[in-house]
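# Observations on the model geometry
What follows is the residue order along each chain.
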Amino acid sequence: MKLMFELSKEHATLPCAEVLATLKAEHMEATLISSNEDVLIAETKPNVAGIKRLAERLAFTFVIDELLFSCPAALDEIVRHAEKHPLPMQGSIAIRCKNRSSHIRSEQLIDQLGDVYTKKRVVNLTSPDIEVRAIVTEDIAYLGIKKAGLDTSHFQQRRGHLRPFLLPITLHPKIARAMVNLSQVKKQQTLLDPFCGTGGILLEAGLIGTHIIGSDVEQKMIDGSQKNLEFYHLKNFQLYCTDIGDISRYVPSVDAIATDFPYARATTTKGEQLTKLYNRAFETISQVLKKNRYAVVGISSEDIRAIGEQYLSVVATYPVKSHRSLTRYFVVYKHV
Ligand SMILES: C[S@@+](CC[C@H](N)C(=O)[O-])C[C@H]1O[C@@H](n2cnc3c(N)ncnc32)[C@H](O)[C@@H]1O
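First, a word on scope: everything that follows refers to the structure included in this document. (Residues numbered from 1 in each chain as written. Predicted model: local features only at pLDDT ≥ 70, side-chain atom pairs only at ≥ 80, totals over all residues.)

Here we come to the packing of helix α3 (residues 75-84) against helix α4 (residues 106-117). It is at 10 Å that the axes of α3 and α4 come closest, and there the two elements cross at 20°. Our classification of the angle between α3 and α4 gives roughly parallel. At the point where α3 passes α4, the crossing takes the right-handed sense. In contact with Leu75, Ile78, Val79, Ala82 and Glu83 of α3, α4 contributes Gln108, Leu109, Gln112, Leu113, Val116 and Tyr117. The residue inventory of the contact of α3 with α4, partitioned by class, reads eight nonpolar, two polar and one charged. (Axes fitted to C-alpha atoms, helices over the stretch in contact; angles between N-to-C directions. Helix = DSSP H or I, 4+ residues; strand = E, 2+ residues; numbered from the N terminus. Parallel < 35°, antiparallel > 145°, perpendicular 65-115°, else oblique. Left-handed = near helix turned anticlockwise from the far one by under 90°. Contact = placed C-beta atoms within 7 Å. Nonpolar A, V, L, I, M, F, W, Y, C, P; charged D, E, K, R; others polar.)

Laid out in structure tokens, this is it:
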């Protein structure tokens, strides 16, 4: 089946990368058919449980549909294709439209699709058996049957200021979740954040069923992380107050790493020169991360990426603008 992911468009490349990494993490072998800022289409075997897990994990996707067809974004083309693509099951129907084009009127499109798809079917707008969804961009129209709607409001409810222990260093939960997903960590595997701070990344990993290990050189961060994790009812975690260089004493090996490096502006480095600290950090990461696994690292400038390349290989980089016109770079490394 072809799955269509309606992307949130909050970033040019991160939503696509998150979907592809999460498909792998959830053992859903998939072939990428096409992608743009609006939509990603991938061919995969039908897997209801897998789609449910994707919906629980993804941060930058709105809806997952089964694709019926795509065609040029012109009304007559869409209707012509709809006539050739009957719905594959019985049941009541609702037709909805996400219209991002400037030249097609949503009401007209829904009317015409209704003529094709509601023949001999009951229309039920509140709880239909089948929800047909049209996503229309400037050039292409996509038609699909909804498989899962993602309620991403829970990310807003976990923003830093709503947790018991807050410092301005913490990432937005959606970014933290995307980092976890980019690490391709699987349920019940172990993810380490060796600069855990207030525990924001650990929280997102723990909530998808990963065993989490956090460490930080500051005891107040460890205490604060514990408070935050317990506040969200997480139990399956280990926390250590330790310098990055000593982690292997506590942690033998891990399946994934997601971490946001300190950058001296808002967090301590205990007076250590940043290049030296980052060298030690990447060396430790390469010691504890299993081979062929991924580390996702937040850094404050692209130059730092090369320090990591002495130990790991770079898969991709995602620049993300944060407040005060700062950009953070999230780099996916593989331990080869
Ligand atoms: C950018 S913050 C991490 C923020 C975190 N992602 C969060 O959600 O709060 C970096 C953390 O690195 C810690 N740190 C600085 N130097 C360290 C070192 N040598 N070893 C371990 N942790 C260190 C700081 O105490 C700080 O909590």
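Let's pick the thread back up.
Let us now look at the site of the ligand. Taken together, 21 residues lie around the ligand, and Phe195, Gly197, Thr198, Gly200 and Val217 are the ones closest in. Its residues assigned to classes, the shell around the ligand comprises nine nonpolar, seven polar and five charged. (Near = placed C-beta within 6 Å.)

A few words on the nonpolar core. One broad rule of soluble globular proteins: the nonpolar side chains tend to lie buried together. Ranked by size, the top nonpolar core spans 90 residues in total, and within it Met179, Leu191, Ile257, Ala258, Ala295 and Val296 carry the most contacts. Here this core gets seven residues from one element, more than from any other, and that element is helix α1 (residues 14-25). Of the domains in this structure, domain 1 (2-149) and domain 2 (155-334) are the two that each give at least three residues to this core. (Core = buried A, V, L, I, M, F, W, Y, C linked by C-beta atoms within 7 Å. Buried ≥ 20, exposed ≤ 12 C-beta atoms within 10 Å, placed from the backbone. Domains from an automatic or database assignment.)

It is worth spelling out the packing of α1 against helix α6 (residues 173-182) at this point. It is the contact of α1 with α6, at a shortest axis distance of 8 Å, that shows an interaxial angle of 45°. Here α1 is positioned oblique relative to α6, judged by the angle of their axes. Note on packing geometry: the crossing formed by α1 with α6 is left-handed. Residue-level contacts link Leu14, Ala17, Glu18, Ala21, Thr22 and Ala25 of α1 to Ala178, Asn181 and Leu182 of α6. Split into classes, the residues belonging to the contact of α1 with α6 amount to six nonpolar, two polar and one charged.

Structural measurements only, silent on function.
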